[in-house]
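Listed below are the residues making up each chain.
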Amino acid sequence: MNMIGPPVCIVDDDLSVRESLEDLLRAEEIRVETYCSAKEFLARDRPEAVGCLVLDVDLPGFSGLDLQRELSRTDVHIPIIFLTGHGDIPMSVRAIKAGALEFLTKPFDPEDLLEAIQQGMLAREYTGFPGGNTLLHAGEIVGVSSAYRALRKRIEMVAPTDSTVLIQGETGTGKELVAHEIHKTSRRKDQPLVRVNCASIPKELFESEFFGHVRGAFTGAIKDRVGRFESADGGTLFLDEVGEIPMELQSKLLRALQEKHYERVGDERTKRADVRIIAATNRQLQQLVKEGRFREDLYYRLNGFPIAGRPSS
């Protein structure tokens, strides 16, 4: 597991919440530390050396908002994600105005939390560590370091085009956030951005997931299904962990990218694919090519405009 870099710290007085969030983050190969109170966290050696802070609002004694104020008072700048079970809108407004990155109401979608954490970790990664003169808002990258400026420049260069983009970097370096930034500043911004996590699709379902199928195409296909290419028509298709695509499907993906056409499983009719591809991976695709586990022609097709997920400072 890749546990390099500053940890995400969880501060919540509910043991079950701490344990479930710890399991979630460790499954994503993110370093994590848990604390049952704000004071316990403040007793941590170098509280500023944290990648992101996931903080319960309603902590006993010293609340999450109190902790936020204390960190601000001592000039400790950490991306903070607040959790609450009450959905207190005025409280969330105060938290956001005070510099919180995100405010999530329990129960929340784990993907929303992971995306917010990714934004926080990206702030640390691209603007220097520890941070002091940077700010990250939900849904956008803002910073002042040379590493950030280099990243911003590459995004600005490629976003107006339809070039295929390959984002490479370790887990937790904000690859999905970069993809969002490219899409929302492109001419396709008003069309869908569809994400496919290639690492989570069973091998036998890849073709149906990408291109869809018609009823009766295989056992269990009880109705027509729209694939991700069709869902993203006119917009952007984000292929996360693209290195996990099986070799036998890579040729069909390459054809769809080259010819901009595909067929649903069990259907002879050809459909047009007007999608912009952004791919991301934490694996070295060039090494996979050398090992015969990734098509060289597909690699060069995807690598139209490379972006490093961990730019140098």
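Rules and cut-offs
Residues numbered from 1 in each chain as written. Predicted model: local features only at pLDDT ≥ 70, side-chain atom pairs only at ≥ 80, totals over all residues. Heavy atoms only, no water. Core = buried A, V, L, I, M, F, W, Y, C linked by side-chain atoms within 4.5 Å. Buried < 20%, exposed > 50% of the residue type's maximum accessible area, 1.4 Å probe, protein only. Helix = DSSP H or I, 4+ residues; strand = E, 2+ residues; numbered from the N terminus. Contact = heavy atoms within 4.5 Å. Phe/Tyr/Trp six-rings, centres within 6.5 Å; stacked < 30°, edge-to-face > 60°. Arc of directions from axis to C-beta.

Turning next to the nonpolar core. Ranked by size, the top nonpolar core spans 30 residues in total, and within it F210, F229 and L239 carry the most contacts. Secondary-structure elements contributing two or more residues to this core are strand 7 (193–197), helix 8 (206–211), strand 10 (236–240), helix 10 (247–259), strand 13 (276–281), helix 11 (285–290) and helix 12 (296–302). Among residues more than four places away in sequence, those in contact with L239 are V196, C198, F210, L253, I277, I278, A279 and A280. With 18 residues, the next largest nonpolar core counts F41, V57, L59 and I78 among its residues.

Evaluation of the coordinates by the stated rule reveals 8 aromatic pairs. On the basis of an interplanar angle of 85 degrees and a centroid distance of 5.9 Å, the ring pair of F206 and F210 is categorised as edge-to-face. Of the two residues, F206 and F210 are both situated in helix 8; the distance of 4 residues between them amounts to about one turn of the helix. Ring geometry for F211 and F229: centres 5.2 Å apart, planes at 35 degrees, overall tilted. Of this pair, F211 sits in helix 8 while F229 sits in helix 9 (residues 228–231), placing them 18 residues apart in sequence. Accessibility assignment for this pair places F211 and F229 in one class, buried. In textbook terms, an aromatic cluster arises when at least three aromatic residues are bridged by ring pairs, as seen for F206, F210, F211, F229 and Y262.

What follows deals with helix 3 (residues 64–73). Those residues of helix 3 lying buried are G64, L65, L67, Q68 and L71. Take helix 3 and look down its axis: the buried residues cluster within an arc of 160 degrees, on one side only. Along helix 3, exposed side chains directed more than 90 degrees from the buried face belong to R69 and R73.

So yeah, pure geometry; function would need other evidence.
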